[in-house]
Every structure is written in C-alpha cells, then in structure tokens.
Amino acid sequence: MRKYLSYFKISIGNTFAYRGPIIVWLVGNLFPIVTFSTLWLSASAGNQIAGFTRAELVTYYILGLLVEWLTNWYPYYWIKDEIADGSIVGSALTKPISNYWRIFSVESGWHFVTFFFGVISVIALVLVARNYFIFPYSLLNIVLSLASVILSIFLIFSLSLCMGYLAFWFTKIDAVDSLFWAARMFLGGQALPISFLPHFMRVITFALPFRYMFSFPLEIYLGKVPASQLPSAFIIQAVWIVIFVLLARLMWIKGNQAYTSFGN
Amino acid sequence: MKRNLQLFLQFVRVNWMGEMEFRFNLLIWSVINVFWSASFILMINLIYANVNSIAGWDKTQATVLVIIQNIFVGIIWFFVIPSLRDLSHKIRKGELDFILTKPVDASFVLSVHKQEFDSYVRVVTLIVALCLYLARNSFSISPLSIVAFAVAFVSGLVIIYSLFFLLTTTNFWFIGIFNFDHLFMNAMDIATFPSQMFSGATKLIFVYLIPTLFIATLPTQILLGQISPVAALIPVAVAVVFYYLSQKFWNFALRHYSSASS
C-alpha cells in the first residue's frame, strides 16, 4: 500500500506542473455545455423534448460536465507511450508491483487535483443557470448516482488500459482512441441523451458499456431510470467492469510475453 | 507568393509520401473521419425529430449548415491544426532554429508544413454530399451567391487560422501549454448550430469574440440567399485585420524566442 501511496503523492506534485493545460481544458470543456444549453433553451418545440423538459436538458449537460471531470480516468495515452518507447521496462516490468494499481495510483493523484477544477467550473455553471438547474429529488438519487459514477471510473479506466496495452502488438493504434470517444459521444449520451436515439439503438446502448460511462449516473440523478430497471442496469455496469479488468490482466500477461523493446 | 505556393506543393508531396508509408492507417482514418461527420449530420436529424426549428432554421437549412461546418473543420484539420501543433511543440522545445535560419517566410512554412490526408478524404466526400443535398432539396442558388459564399468561406478560414496562429504564438510565454488544439476543436464545434440562437452575453462571447459566425452560419446564409451576397465583404475585412494582427504578433513574439541549445 505504501508503494502506491508514493505514486499517488508524486502524481499530485506532477499535476500542478500542468496547471496551464488544465485551465485550457477547463475553458474548452465549457464550450459544448454552453452551446447545447443554449440550443435547448432557444429551440422551438413543445414542453418535452425527447422526454426531457428544458430544465432537465440543461441540468443533464451541466452535470454531464461534472461526470466528465470525475470519470475520465484515461491512462491510454501515457501507457501506450511507455510501451512504445520502452520506458515500461524500468517503470513496471522490473519492479515488484502491480501495474494495474500503479497506473491507478498515478491517475488518482491527477484526478485528486483536477476534481477541484471540475467542481469549480460546474458550480459556476449552476450559478449562471440557476433558473433552470434542477436540484436532486432525493438523497437516494444522489447516492445511487454517485455509486454509478464510481463504477464508471473503474469501467473507463479498465477499458482505456486495455486500449493502451494494444501497443504491445501494434505500432499505430490511435484509431481505437477516436472510436472510443465517438462511441461515448453518440452511444454513451454525451452529445445527446440516449432517449433521442431511435428505439432499436436505445436497446443496444443498454447492453453496450458506453451508456455506463456517461449517461447512466445522469439518468439516475434526473429520475429517468425506473426503479425496476436499476438493479439490472447496475449489474450490466458491473459485468462490463469485470470483463475489462480480466481482459486487461490477460493482455498484460500475454503482452509481456510478446513484448520486445530495444536499448533498455 | 509563387515561391510560397511552390513550397506548399512540395510539402503536400512530402506529406503524401509519408502517408503512403502507412496506407492502411490512412484508409482507417479516412473512414473514421467520414463516420464522425456522418454522426454530426445524424445528430442534427435526431434533434429535429424532437424540435420544430432552431432560431428560425428548419431541418434542411440546419443540415446544410452542419455539412459546411464539417467541411470547414476538415480543412482546418487537413493542415492548420497539424502544423500549429508542431509549431507549439517546436516553440516549447526550442527547435525553431532550423526554420528561422532558412531564407523563407517562417510563419508561412510553420503554418502549412504538416498535413493529414485523412481529412482531405472527408472534405471531398462532404463537398459531394453538399452538392447532392442542395440539388435534392431543390434550393434555388444563384451563381452570384456561390461566388460570394466561396469568398466568405475562405475568409472565414483565414480568420480562424489567424486566431489559432495567434494563440499558438503565445506559447513563447506560456511554455507549459501543449493543448491549445483542444480549445480550437471545441471552439469550432460551437458553429455546428446557427449563431442566431445565442443572445446577450453568450452571443458576445461565442459568436463575436470567438468569431464562430464566420465558420458556417454567415457563409451558409449567403449560399442559401438569406442575406445579400454583399455581406461576404464583412468576413473579407475581418480576415484582413486578423491576418495582419497575427503576423504583427508573430514578429513581436519572435523577439522573446530563446532557443534550446544553439
């Protein structure tokens, strides 16, 4: 445990070196939220848009920003670089540690800091849009919503780890990254809530992992998931985590056997 | 001018040779980019299945808008963003020397020298899609509006390029910031929807301060004949000012450049 704690501490220190880029992310992430909120408030339509009131839609996008800041545990970029340039040999292969928890600790440090940036930007948005923002209906909504956020973290983290491990076998894997974001954007509810999709696609998204990376906690918060469907949805989310954790383990073992690095 | 054009063509040749080293990669990326654009067009359709109009724009008009916005983004991705990413990297690492010491217009070379051809495929596909869509929905478009549209669209490219170039140049002072491209991409996505939907403070910031009006809304309005072709002169004037300012700023910023090793 102490080993991982020191990764966590070092990572916090490193994160502060990135305060410039974090501010750029902070500002850039506000653009789509403001754009979509404006879109819904200015669109001419009935009271309900795809089963959402305007206030619910604005709340969906504002809290979506928070979900994004909280759950984007995405070590893909630096893991693939570590494997490609051979530095993984020194940082993990020759050390008596679990690579999964090493990467998890480093990411924890980063998110420990960026959490505050995300919260500040969301509070600012809530203040600006206070006439539309919907405060939670019940404590249970918040608790369940937070539980699914925490599960989303493990889900995104494990999947992106698998994606990074592809670098053991392939030299150019950036396409996977783009596909991931596209899937989360259109099948995970980041661009539009899932209820905008045609019926058959909506059914598919319930089975795929992407809904459980973004839209699910928001749907719970807004009370859009019927209580009868909650258990099965949480089970699907958990099953996907298990699948990707096991896959990451398998890929790590097989990848180590297949790995060739030079100059180390 | 002629010399710069020759240089540009040489860069195209070199970059194309580079892409041909990884043909399969180029193919996959071309497909993914076309897929991304198709998703945006699909998104407009999903939105309009639930709303009647957005700031007075109906579905067909909004579809033309999103196609034009995607063509715009595709062109920026073709060479502006790859080149500026590299410029940012070179400034931060102090690797500008090799270009500054050459007898060429450094700001030009640094703005065009890297290209990604998968975006090129997307742009060509979208231009064909735009022509088909306009023909199928029987818009009446005069030759004059096409010319005015082209002028406005190219001016829009110059405006946005100048702005991005100017921001990248601030890397001379903000050495740690490597992700300006995140800002660029999200700023251009604001133009997916009609500028008229913004009002008050958001209009000031998201339409004029970040001049997204010139990316798609204004050119589309000119093309569809909603406003007079003469309006194309506005982006031309803005482009001249922005380009001039970005070049001035570049020359000013260069004085703060302190290489890495040489």
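Residues numbered from 1 in each chain as written. Chains lettered and ligands numbered in written order. Predicted model: local features only at pLDDT ≥ 70, side-chain atom pairs only at ≥ 80, totals over all residues. Heavy atoms only, no water.

What follows is about the overall build of chain B. For chain B, the count of helices and strands is 11 helices and 1 strand. Rg of the C-alpha trace for chain B: 19 Å, near the compact-globule value of 18 Å for 262 residues, within the 12% margin. Along the first, second and third principal axes, the C-alpha atoms of chain B reach 60 × 45 × 35 Å. Here chain B, with 262 residues, has 52% of them falling under the buried criterion. When contacts within chain B are restricted to residue pairs at least 6 apart in sequence, those whose partners lie at least 24 apart make up 80%. When the accessible surface of chain B is totalled, it reaches about 12300 Å², and 70% of it is carbon and sulfur. A distance of 5 Å separates the average location of the 16 positive side-chain charges in chain B from that of its 11 negative side-chain charges. (Helix = DSSP H or I, 4+ residues; strand = E, 2+ residues; numbered from the N terminus. Rg over C-alpha atoms; globule rule 2.2 N^0.38 Å. Buried < 20%, exposed > 50% of the residue type's maximum accessible area, 1.4 Å probe, protein only. Contact = heavy atoms within 4.5 Å. Areas by Shrake-Rupley, 256 points an atom, 1.4 Å probe, with all protein chains shown as cover. Lys, Arg positive; Asp, Glu negative; His and termini not counted. Charge placed at Lys NZ, Arg CZ, Asp CG, Glu CD.)

The subject of this paragraph is a nonpolar patch on the surface. Together, Tyr120, Val121, Val124, Val128 and Leu132 of chain B give the surface a local cluster of nonpolar side chains, amounting to about 440 Å² of exposed area. Along the chain, the position of Val128 of chain B falls in helix α6 (residues 117–136). (Patch = residues over 30% accessible without salt bridge, like charges linked within 9 Å, V, L, I, M, F, W, Y side chains within 5 Å. Salt bridge = Lys/Arg side-chain N within 4 Å of Asp/Glu carboxyl O.)

Residue and element names in this part refer to chain B. Interaxial distance between helix α2 (residues 23–48) and helix α3 (residues 59–93) falls to 10 Å at its minimum, and their mutual angle equals 160 degrees. On the basis of their axis angle, the class for α2 and α3 is roughly antiparallel. α2 and α3 meet at a crossing whose hand is right-handed. Of α3, the residues touching α2 (which contributes Ser37, Phe40, Ile41, Ile44, Asn45 and Tyr48) are Lys59, Ala62, Thr63, Val66, Ile67 and Asn70. Tallied by class, the residues present in the contact of α2 with α3 amount to 7 nonpolar, 4 polar and 1 charged. (Axes fitted to C-alpha atoms, helices over the stretch in contact; angles between N-to-C directions. Parallel < 35°, antiparallel > 145°, perpendicular 65-115°, else oblique. Left-handed = near helix turned anticlockwise from the far one by under 90°. Nonpolar A, V, L, I, M, F, W, Y, C, P; charged D, E, K, R; others polar.)

Turning our eyes to something else, we now look at the pattern of salt bridges. Any two side chains of opposite charge can pair, so long as their charged atoms come close to each other. A complete count under the given rule lists 8 salt bridges over all chains for this structure. Taking the shortest distance from any N to any O, the salt bridge between Asp181 of chain B and Arg85 of chain B comes out at 2.6 Å. Here Arg85 of chain B lies in helix α3 and Asp181 of chain B lies in helix α8 (residues 180–189), a separation of 96 residues in the sequence. Among the residues examined, Asp181 of chain B registers a relative accessible area of 13% and is labelled buried. Look at Arg85 of chain B and you get partly exposed, because its relative accessible area is 37%. The salt bridge involving Asp86 of chain B is made with Lys90 of chain B; its shortest N-O contact spans 2.6 Å. Within this pair, Asp86 of chain B and its partner Lys90 of chain B are both found in helix α3, separated by 4 residues, close to a single helical turn. There is no split in this pair, since Asp86 of chain B and Lys90 of chain B are both buried. Through salt bridges with shared partners, a single network forms among Lys80, Asp81 and Asp174 of chain A.

Here chain A averages 92 in pLDDT, while 99% of its residues score no lower than 70. Within chain A, helix α5 (residues 88–93) of chain A has the poorest average pLDDT of any element, 83, and helix α10 (residues 215–221) of chain A the best, 96. (pLDDT = per-residue confidence, 0-100.)

As a rule of thumb, soluble globular proteins bury nonpolar side chains together. If you look at the biggest cluster of nonpolar residues, it comprises 125 residues, and the most contacted ones within it are Trp40, Ile62 and Leu192 of chain A together with Met43, Ile47 and Ile76 of chain B. In terms of residue count, the dominant contributor to this core is α3 of chain B (19 residues). In terms of nonpolar packing, the next biggest core, distinct from the first, is built from 40 residues, Ile83, Ile103, Leu155 and Ile220 of chain A among them. (Core = buried A, V, L, I, M, F, W, Y, C linked by side-chain atoms within 4.5 Å.)

Before going further, it helps to examine the interface of chain B and chain A. Each partner contributes residues to the interface: chain B has 34 residues there, and chain A has 36 residues. If you sort the residues of chain B by the area they bury against chain A, Trp36, Leu46 and Asn50 of chain B come out on top, with a joint share of 17%. At the boundary of chain B with chain A, the tally comes to 0 salt bridges. At the surface where chain B touches chain A, the tally comes to 7 residue pairs in polar contact (both at pLDDT 80 or more). Mapped onto the side of chain B that touches chain A, the elements with two or more residues apiece are α2, β1 (53–54), α8 and α9 (200–209) of chain B. A total of 11 residues in the side of chain B that touches chain A trace back to one element, the largest contributor, which is α2 of chain B. Per-class residue counts for the side of chain B that touches chain A are 24 nonpolar, 10 polar and no charged. Direction of pairing for strand β1 (residues 43–44) of chain A relative to β1 of chain B: antiparallel, over a ladder of 2 bridges. Residue Ala43 of chain A lies in a different strand from β1 of chain B, and its bridge partner there is Ile54 of chain B. (Buried area = accessible area lost by both parts, 1.4 Å probe. Polar contact = N/O pair within 3.5 Å; in protein donor to acceptor, adjacent residues only side chain to side chain. Pairing = 2+ DSSP bridges.)

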